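Secondary and tertiary structure notes
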Amino acid sequence: MTRPADDAVDAAMARALELAAAAQGWGDTPIGAVVLGPAGTVLAEAANERERTGDPTAHAEVLALRAAARVHGDGWRLTGCTLVVTLEPCTMCAGASVLARVARVVYGADDPKAGAVGSLWDVVRDRRLNHRPQVTAGVRAEESATLLRAFFRARRGL
Ligand SMILES: [Zn+2]
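Residues numbered from 1 in each chain as written. Predicted model: local features only at pLDDT ≥ 70, side-chain atom pairs only at ≥ 80, totals over all residues.

1. With respect to the UniProt feature "domain: CMP/dCMP-type deaminase" (unreviewed entry) in the chain
Sequence positions flagged by UniProt for "domain: CMP/dCMP-type deaminase" (unreviewed entry) are, in local numbering, residues 7–120. Across residues 7–120 one finds 38% helix and 20% strand; the C-alpha atoms that close the span lie 30 Å apart. (UniProt positions renumbered as here; feature names shortened; annotations may be inferred. Helix = DSSP H or I, 4+ residues; strand = E, 2+ residues; numbered from the N terminus.)

Here it is, written out as structure tokens:
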């Protein structure tokens, strides 16, 4: 199966970090996501919009997966696609990645409090499920963690 070249993944993470930074502008936790098609083209991108839209499911990954499915020519399936996200996905987003049949999940910082791609749970590599995306963790993790720390520090008024 084809998969995006490393430089396409690097560029997608750079864009996801920009999207994460933008989310702070409307009061959302800085998390950004990009979905790459099998050849490495950008299918969709999104930032966290939970506060902005008052939607508990408006995580960056879900928004990006939905938008990608609208433009990828395989119905709801994102076969061969790569989800690139700045923070380890939660249970919902890890589950959505499995359901979307993405080939690979690439993420930045670990989320020890809610991560479901190895930290608290490992939804994407659960052998009871019949689809298991590949995982690459820790891509530009420090930049993502720095954004998140600054956001929460500012929220606490420190
Ligand atoms: Zn999530």
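2. So, the UniProt feature "active site" (unreviewed entry) in the chain
The feature "active site" (unreviewed entry), as given by UniProt, occupies E61 in the numbering adopted here. Examined against the element boundaries, E61 turns out to sit in helix α3 (residues 60–71). In this structure E61 touches A33, L83, V85, P89, C93, A96 and S97, once residues within four positions along its chain are discounted. (Contact = placed C-beta atoms within 7 Å.)

3. Quick word on the nonpolar core
Counting residues in each nonpolar core, the largest one holds 47 residues, and the members touching the most others are A16, V35, A64 and V84. Among the secondary structure elements, those contributing two or more residues to this core are α1 (6–23), β1 (32–36), β2 (42–47), α3, β3 (82–87), α4 (91–100), β4 (104–109) and α5 (141–155). Take this core: its biggest share by element is eight residues, from α1. When residues no more than four places from it in sequence are discounted, the contact partners of V35 are L43, A44, A64, L65, A68, L78, C81 and L83. (Core = buried A, V, L, I, M, F, W, Y, C linked by C-beta atoms within 7 Å. Buried ≥ 20, exposed ≤ 12 C-beta atoms within 10 Å, placed from the backbone.)

4. Observations regarding the sheet that holds β2
With respect to topology, five strands assemble into an open sheet ordered β2-β1-β3-β4-β5, the strand pairing being mixed. Among the strands making up the open sheet, the edge pair consists of β2 and β5 (134–136). The mean inter-strand angle of the sheet, taken between neighbouring strand axes irrespective of direction, is 15°. The pairing of β1 with β3 spans four bridges and is antiparallel. Each residue of the ladder has a partner; that of V35, found in β3, is L83. Packing against the sheet, α3 makes contact with β1, β2 and β3, and its axis sits at approximately 150° to β2. (Pairing = 2+ DSSP bridges. Axes fitted to C-alpha atoms, helices over the stretch in contact; angles between N-to-C directions.)

5. Re the environment of V139
The topology assignment puts V139 in the loop between β5 and α5. Overall, V139 belongs to the buried group, with 21 C-beta atoms counted inside 10 Å. Discounting chain neighbours no more than four positions away, the residues touching V139 are M13, V106, Y107 and G108.

6. As for the pairing of β3
Consecutive residues of a regular strand have side chains that alternate between opposite faces of the sheet. Across the six residues that make up β3, a large majority, six, are buried. Here β3 pairs with β4 via five bridges, running parallel. Looking at β4, one finds that V85 is bridged to Y107. Handedness of the crossover is the feature at issue here: the chain leaves β3, passes through α4, returns alongside β4, and the resulting connection is right-handed. (Right-handed = clockwise from strand over helix to strand, strands pointing away.)

7. Here we look at the environment of A94
Turning to its location among the elements, A94 is positioned in helix α4. Separated by 33 residues in sequence, A94 and E61 place their C-alpha atoms 8.7 Å apart. Residue contacts for A94: discarding those within four places in its chain leaves P89, A116, V117, V123 and V124.

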